[in-house]
Amino acid sequence: MASGLLGIEELSREQIEALLARGRYYQPMQAQSVKKLDTLRGKTIVNLFFEASTRTRTSFEIAAKRLGADTISISAMGSSLSKGESLVDTLNTLDAMRPDAIVMRHSASGAPHFLARFLPTPIINAGDGTHEHPTQALLDALTILDYRPSLEGLRVAIIGDIAHSRVARSNIHLLSRFGVDLVLCGPAPLLPPELQYLAPGITLTTNIEEAVTGADVVMMLRVQLERQHETSFPKNEYFQFYGLRLEHLRLARPDAIVMHPGPINRGREIASEVADFPRSVILNQVENGVAARMAVLEQVVAH
Ligand code: NCD
């Protein structure tokens, strides 16, 4: 990792393993009564979110604070972008105040990569359009490793709106580095066939029963209607064909876990009883988000 963290695609297996090891190191700290370190004391981190976020933004802010950094969170709504300032001018303005890292979420795929080319401050990608969401893949891997000794040889089904999901893309890059047997599933308009060529070991299916059969991990995705301008798929029948229900879990391994990056839409992609099911680890993912982001902030800012 030269400076910031733009995507999982750029990372080697060793770099991912190093981040996961630091993430695991920070996991137990989340349950302690005093949660503050001084690893990043004196450092300033700017969180710049041009898209809606609950989990990621809060989690980055908490992670930075637990490492002792000062943080400031800016949302596009209250910034000068709504006064016509360009993205580049906004970033240069923030950069002039000399933060030590900028955490950024933007609706345009590649926006942080473009800015990283000429901005001296490291940029951490908190989600760019339909492209990547690297810290989500890291926290997902940490969560899987809470339930399995290693990623090697696991069968992971990712189900839903694959086409618009940066979570799916970052997970595909990460999990395929570790020899995971990956099944991507969704209605044909939301399942780009070229994804099977991203790495060996990826299969595509439009059949949810086939996807969950024998799975160690069932990862559900939200239908990202805000990113769909032309795609047509049967919205009213979606739950009937692609919503995860308890009956599907009988096809998965008996100890399979159910994941979802959130926000969940109960009754659309996941039945309420599955979301609240004992082996649903959706809130564990949220908890692990803090440890994963502490690992990334430490790597980017302290070194
Ligand atoms: C995801 C995102 O924003 O990409 N959420 C998240 O960060 N946990 C998924 C989504 O919005 O559906």
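In this text, all values refer to a predicted model and were calculated from it rather than measured experimentally.

### Side note on the sheet that holds strand β4 (residues 123–128)
Okay, step 1: Taken in spatial order, the four strands of this open sheet run β2-β1-β3-β4, and their pairing is parallel. Every other strand in the sheet has two partners, leaving β2 (70–75) and β4 as the edge strands with one partner each. Taking each pair of neighbouring strands and ignoring which way they run, the sheet shows an average axis angle of 15°.
Okay, step 2: Sheet topology places strand β1 (residues 44–49) next to β2; six bridges connect them, and they run parallel.

### Considerations on the site of the ligand
Okay, step 1: In the vicinity of the ligand, the contacting residues are T56, R105, H133, Q136, R166, V167, R222, Q224, P261, G262 and P263.
Okay, step 2: Residue T56 places a side-chain N or O atom 3.0 Å away from an oxygen atom belonging to the ligand.
Okay, step 3: In this structure, an oxygen atom belonging to the ligand sits 3.0 Å away from a side-chain N or O atom of R105.
Okay, step 4: According to the grid-proximity analysis, the pocket containing the ligand is the largest pocket.
Okay, step 5: Taken together, the residues that form the shell around the ligand break down as three nonpolar, five polar and three charged.

### Looking at the environment of S86
Okay, step 1: Tracing the backbone shows S86 in the loop between β2 and α3 (87–95).
Okay, step 2: Residue classification places S86 among the partly exposed residues on the basis of a relative accessible area of 33%.
Okay, step 3: From its side chain, S86 meets the backbone nitrogen of D89 in a polar contact 3.1 Å long.

### Some points on the nonpolar core
Burial of nonpolar side chains together is a common tendency in soluble globular proteins.
Okay, step 1: If you look at the biggest cluster of nonpolar residues, it comprises 58 residues, and the most contacted ones within it are I45, L138, L151, I158, L174 and L297.
Okay, step 2: Here this core takes eight residues from helix α11 (residues 282–302), the largest share from any one element.
Okay, step 3: Shared between two domains, this core takes at least three residues from each, and those domains are domain 1 (4–132 + 289–302) and domain 2 (134–285).
Okay, step 4: C185, A215, A252 and F277 belong to the second-largest nonpolar core, a separate cluster that totals 26 residues.

Thresholds applied
Here the residue numbers are simple positions, counted from 1 along each chain's written sequence. The predicted origin of the model limits local features to residues at a pLDDT of at least 70 and limits the giving and counting of side-chain atom pairs to 80 or more, whereas totals for whole chains, interfaces and linings rest on all residues. Calculated side-chain values reflect all of the structure's heavy atoms, with hydrogen atoms and water omitted. For two strands to be treated as a pair, DSSP must find no fewer than two bridges joining them. Counting from the N terminus, the helices are DSSP H or I runs at least four residues long and the strands are E runs at least two residues long. To get an axis, fit a line to the C-alpha atoms, keeping to the stretch in contact for a helix; angles then go from 0 to 180 degrees between the N-to-C directions. Near, as used in this document, describes a residue that has one of its heavy atoms within 4 Å of the molecule or strand being considered. For this analysis, a polar contact is any N or O atom pair within 3.5 Å, provided that within protein one partner can donate a hydrogen and the other can accept it, and provided that sequence-adjacent residues contribute only side-chain to side-chain pairs. Here the term cavity refers to a set of points on a 1 Å grid, laid over the protein atoms alone, in which a 1.4 Å probe fits but cannot get out; the term pocket refers to an open set having protein on both sides within 12 Å along at least five of seven lines, with lining residues being those that place an atom within 4 Å of a point. To qualify as sitting in a cavity or pocket, a molecule needs more than half of its atoms within 2 Å of the grid points. Classification used: nonpolar for Ala, Val, Leu, Ile, Met, Phe, Trp, Tyr, Cys and Pro, charged for Asp, Glu, Lys and Arg, polar for all others including Gly. Note on exposure labels: buried denotes an accessible area under 20% of the residue type's maximum, exposed denotes more than 50%, and partly exposed covers the range between, all computed with a 1.4 Å probe on protein chains only. Remark: nonpolar core denotes a set of buried residues (Ala, Val, Leu, Ile, Met, Phe, Trp, Tyr, Cys) joined through side-chain atoms within 4.5 Å. How far each domain reaches was decided by an automatic or database domain assignment.

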